[in-house]
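Coordinates in review
Listed below are the residues making up each chain.
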Amino acid sequence: MVEKKEDLINYLETMLKIRYFEEKVSELLGKDLIKGTSHIYIGEESVAVGAIAAIREDDYIASTHRGHGHCLAKGGELKKMMAELCGRATGYCKGRGGSMHIADVAKGNLGATGIVGSNIPVATGAALSMKMQKMDRVVLCFFGDGASNTGGFHESLNMASVWKLPVIYICENNLYGMSVSVKRALSVTDIAVRAVSYNMPGEIVDGMNVLEVKEVVAKAVRRARKGDGPSLIECKTYRYYGHSRSDPRVYRTREEEAEWKKKDPVESFKKKLLEEDVVTEEEIDNLEESIQQEVNEATEYALSSPWPSVDELTCDVFFTG
Amino acid sequence: MREIFYWQALNEALREEMKRDEHVFIMGEDVGPYGGAYGVTRGLYKEFGDERVRDTAISEAAIAGAAAGAAMTGMRPVAEIMSIDFSTIAMDQLVNIAAKNRYMFGGKTTVPMVMRTQGGTGRGVAGHHSQSLEAWFVHVPGLYVIMPSTSYDAKGLLKTAIRDDNPVIFIEHKMLYMTKGNVPEEEYTIPLGRADIKRKGNDVTVVAYSRMVLLALEAAGELEKEGISLEVIDVRTLKPLDMDMILDSVRKTNRVIIVSEACKTGGVAGEIAAQIAEKGFDYLDAPIIRVAAADVPIPMSPVLEKAAVPSVEKIIEAVKKVIS
């Protein structure tokens with residue numbers, strides 16, 4: 001499939017945005033300006049960007065605890081995200097959720113979640129809802145290798161298959177469930193083979209390649225939109241940082257990390273665009289500079305935003321009209 | 001007024017709400033042609049079809065989570081978990097997703113779903129089919145909890161629950177489905193958070209809910225013969241809880257017992273007692289008494305099952321103690 005120049009630049013821009021945003025998040029965590037925890041997505045950018053490039057604006061996504069990339073690729077605003085991570089009133093969730101709960105349901109983001117695998121049933125229900133309302137919208141359900149071992153995964157994929165729901169299950173296999181290697185936690189090498197149990201297509205894709213991810217997801221989206229049911233796509237990828245802020249990465253080697261970084265999704269895509277004369281070095285420099293600027297502005301916005309009012313502590317527990 | 005069974009009242013509520021709003025649908029185990037394990041969805045599959053009365057696999061987590069996902073995106077699911085005992089499998093979705101998403105997402109989403117289920121003892125079905133787990137749900141911010149005792153309340157409260165934009169846990173009682181009560185032909189709803197005085201009296205307030213209301217009324221009938229007058233308050237909705245009505249009654253009687261079929265430790269009866277103590281200590285002429293289940297898994301043998309939970313005799317005994 002031939003991609004338009006503006007789309008290609010757009011993918012690069014979004015991947016850079018995720019990377020720069022999270023580099024800043026990591027810095028702010030180190031300075032304790034962001035409290036709590038944040039799960040850094042760097043290394044996996046092409047999964048979120050490629051997959052979400054394959055859907056329409058009115059389609060849904062369901063995210064994970066490592067959700068900044070999904071949120072940004074779905075059109076999330078840097079300022080509101082950074083403010084949320086900093087616990088400010090101007091954040092996506094008024095500072096109540098932080099990194100693990102960013103959502104924008106009106107814009108099709110059903111939210112991140114702090115419980116591994118817990119959005120798989122939710123995404124399945126959203127797909128049921130679309131089908132029942134006869135809308136041709138699809139749901140992309142992101143989750144990790146660890147989530148594929150939960151009961152909700154099994155229940156949901158079975159249900160979606162039986163009901164032919166318009167949902168695409170996208171497993172980001174980054175090889176570790178916190179510290180435990182998939183080699184020690186999974187009964188299979190390729191999570192995609194689990195699709196056989198649910199009588200749905202299972203595909204493996206290079207999760208470090210944005211265009212490959214897009215192509216495979218687009219095929220599954222066409223199938224879902226036609227009413228032919230769900231698919232499972234396993235993206236082989238790698239998170240560069242530890243599981244969360246306190247992780248010294250003792251469970252993997254620096255050599256393994258270096259190997260994966262050779263396939264860096266941002267650098268390899270940049271190289272491809274340069275080689276194919278889609279962009280010039282200068283254009284990339286300008287793009288990088290402007291994104292860095294945007295991230296800096298978002299950070300200033302977040303850190304100068306007000307804290308939530310304690311008077312609103314118990315607001316919104318229930319809808320009261 | 002006509003009398004109908006509790007199950008029929010629930011069935012009417014479902015039918016009326018499905019007719020009123022095309023976004024309302026039912027999903028759960030055996031809710032389709034079978035009509036529900038206790039018959040509540042009887043006839044609905046035939047009337048509304050398999051799209052809106054959806055039999056599911058035995059997948060409680062997916063039932064609850066899919067209900068939450070559908071609710072967040074425009075539908076109004078009524079999910080059935082066959083026994084409250086099975087809600088353990090659905091708990092993550094109910095507690096971490098359905099209950100919390102609105103608050104955690106900054107108040108910008110609603111999760112208008114109802115989880116219908118049933119609990120309680122009386123059929124000798126032992127520890128995995130007889131529990132009273134309402135306290136677990138009452139403890140979670142973001143969930144409403146309803147436990148009706150009569151046909152009238154069951155219908156009016158289920159209709160309200162379906163129309164409410166919050167997740168509601170609607171707990172029926174397996175021994176109430178075949179009880180009959182007055183239900184008007186015309187449409188009505190019952191607001192959440194309003195208790196109901198099922199019997200007026202002056203000497204002792206008895207606070208109860210679900211099937212325990214029937215036991216309390218029976219005890220009141222017995223004690224009337226001895227000249228003791230009980231005021232029986234049916235809490236109906238455990239969350240929101242109508243403490244005003246309870247406190248008004250205690251102010252009048254100065255004596256209160258609370259009856260619950262759940263294990264005594266950490267239960268809703270304890271919560272009500274605590275609130276009476278906090279807000280109505282000065283009204284009391286005697287210590288509050290809880291009549292609740294023993295802290296045991298519900299045993300199967302009828303002798304043991306009966307011994308585990310409150311009875312009319314135990315209520316009478318507690319009343320006599322509180323007035324002595």
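As shown above, the structure is provided for reference.
Residues numbered from 1 in each chain as written. Chains lettered and ligands numbered in written order. Predicted model: local features only at pLDDT ≥ 70, side-chain atom pairs only at ≥ 80, totals over all residues. Heavy atoms only, no water.

Turning next to the interface of chain A and chain B. Accessible area lost upon the coming together of the parts serves often as the stated size of an interface. The interface of chain A with chain B comprises 37 residues on the first partner and 42 residues on the second. The contact between chain A and chain B buries some 3,300 Å² in all, and 64% of this surface belongs to carbon and sulfur atoms. Together, Met132(A), Phe318(A) and Phe319(A) form the three largest contributors to the area buried by chain A at its contact with chain B, with a combined 21%. For Arg102(B), the salt bridge is made with Asp316(A), and the minimal N-O distance between the two is 3.5 Å. At the junction of chain A and chain B, the tally comes to twelve residue pairs in polar contact (both at pLDDT 80 or more). If you tally residues by element for the side of chain A that touches chain B, the top one is helix α5 (residues 119-132) of chain A, at nine residues. Residue composition of the side of chain A that touches chain B, grouped by class: 21 nonpolar, twelve polar and four charged. (Contact = heavy atoms within 4.5 Å. Buried area = accessible area lost by both parts, 1.4 Å probe. Salt bridge = Lys/Arg side-chain N within 4 Å of Asp/Glu carboxyl O. Polar contact = N/O pair within 3.5 Å; in protein donor to acceptor, adjacent residues only side chain to side chain. Helix = DSSP H or I, 4+ residues; strand = E, 2+ residues; numbered from the N terminus. Nonpolar A, V, L, I, M, F, W, Y, C, P; charged D, E, K, R; others polar.)

Our focus in this paragraph is the packing of aromatic side chains. Throughout the structure, instances matching the rule amount to eight aromatic pairs over all chains. On the basis of an interplanar angle of 85° and a centroid distance of 6.0 Å, the ring pair of Phe153(A) and Tyr198(A) is categorised as edge-to-face. Taken together, the positions of Phe153(A) in helix α6 (residues 151-162) and Tyr198(A) in the loop between α7 (182-185) and β6 (202-206) put the pair 45 residues apart, joining distant regions of the chain. For the pair Phe153(A) and Tyr198(A), a shared accessibility class is recorded, and that class is buried. Judged by centre distance (5.0 Å) and plane angle (20°), the ring pair of Tyr38(B) and Tyr177(B) falls under stacked. Placement of Tyr38(B) in the loop between β2 (24-28) and α2 (44-48) and of Tyr177(B) in the loop between β7 (168-173) and β8 (180-182) is noted, with a sequence separation of 139 residues between them. Cluster of aromatic residues (ring-pair linked, three or more members): Phe143(A), Phe153(A) and Tyr198(A). (Phe/Tyr/Trp six-rings, centres within 6.5 Å; stacked < 30°, edge-to-face > 60°. Buried < 20%, exposed > 50% of the residue type's maximum accessible area, 1.4 Å probe, protein only.)

With that settled, the discussion passes to a negative patch on the surface. A contiguous patch of negative charge, built from Glu281(A), Glu282(A), Glu283(A), Asp285(A) and Glu289(A), is present on the exposed surface. Within the secondary structure, Glu289(A) is located in helix α11 (residues 281-304). (Patch = residues over 30% accessible without salt bridge, like charges linked within 9 Å, V, L, I, M, F, W, Y side chains within 5 Å. Areas by Shrake-Rupley, 256 points an atom, 1.4 Å probe, with all protein chains shown as cover. Lys, Arg positive; Asp, Glu negative; His and termini not counted. Charge placed at Lys NZ, Arg CZ, Asp CG, Glu CD.)

Residues and elements named next belong to chain B. Strand order in the open sheet formed by seven strands is β3-β2-β4-β5-β7-β6-β12, and the pairing between neighbours is mixed. The open sheet is flanked by β3 (53-55) and β12 (237-239), the only strands paired with a single partner. The sheet shows a mean angle of 20° between the axes of neighbouring strands, direction not considered. Two strands pair when backbone bridges link them, and strand β6 (residues 144-146) and β7 are joined in this way by three bridges, in the parallel orientation. Directly across from Ile146, in β7, lies its bridge partner Phe170. (Pairing = 2+ DSSP bridges. Axes fitted to C-alpha atoms, helices over the stretch in contact; angles between N-to-C directions.)

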